[in-house]
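# Observations on the three-dimensional arrangement
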Amino acid sequence: MTERLDATLRFHQTALNARAFRQQVIASNIANADTPNYKARDIDFREALAGALGGKGGDALALKTTSPRHLPGSGPTDPLTAALKFRNEEQGAVDGNTVNMDVERSAFAENSVQYQASLTFINGLLTSMQRAIQGQ
């Protein structure tokens, strides 16, 4: 019983972490809307969540070392960072910036609503568990 409860709460915690990370990425895009040559980024939420739940991080970049003094290369091992990709350019700008404020605002609002919905669902789950424990 407790394993199932832990698994359920772990899933929701991972989903909230992925939503929070996506919110940071979108906020970074908005903050850099006027930065020349800035490329907008986003994560595929499903891919990031599946990677985080499966424990799949990004594969570390294996570099060839020809000397024992070379440092080993490393890539993103965090599954959320590994799922970070560049957003498709919809309309090019003269300065090379690919941030589309309309797309970013709508993604920010949608992600905020989904984050709040996840919190509401977790709250309802915990409330129903508390009621079951109290025998109501």
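In this report, the structure presented in the accompanying data block is examined. (Residues numbered from 1 in each chain as written. Predicted model: local features only at pLDDT ≥ 70, side-chain atom pairs only at ≥ 80, totals over all residues. Heavy atoms only, no water.)

Moving on: the pattern of salt bridges. One pass over the structure, following the stated rule, counts five salt bridges. In this structure, Asp102 engages Arg105 in a salt bridge whose closest nitrogen and oxygen atoms are separated by 3.7 Å. Here Arg105 and Asp102 lie together in helix H4 (residues 101–134), a separation of three residues that amounts to about one turn. Each of Arg22, Asp42, Arg87 and Glu104 takes part in salt bridges that share partners, so that together they form one network. (Salt bridge = Lys/Arg side-chain N within 4 Å of Asp/Glu carboxyl O. Helix = DSSP H or I, 4+ residues; strand = E, 2+ residues; numbered from the N terminus.)

Between its terminal C-alpha atoms H4 stretches 49 Å, which fits the 50 Å expected from 34 residues at 1.5 Å a residue. Close packing links the buried residues of H4 with helix H1 (2–31). Measuring from the backbone nitrogen of Asp102 back to the side-chain oxygen at the start of H4 gives 3.1 Å, which picks out Asn100 as the cap. Just downstream of H4 lies Gly135, where phi reads positive at about 80°. (Expected span 1.5 Å × (residues − 1). Contact = heavy atoms within 4.5 Å. Polar contact = N/O pair within 3.5 Å; in protein donor to acceptor, adjacent residues only side chain to side chain.)

Turning to unusual backbone geometry, a few remarks are in order. Positive phi, normally seen in glycine, also occurs at Asn37, with a value near 65°. Within the fold, Asn37 resides in the loop between H1 and strand S1 (41–43).

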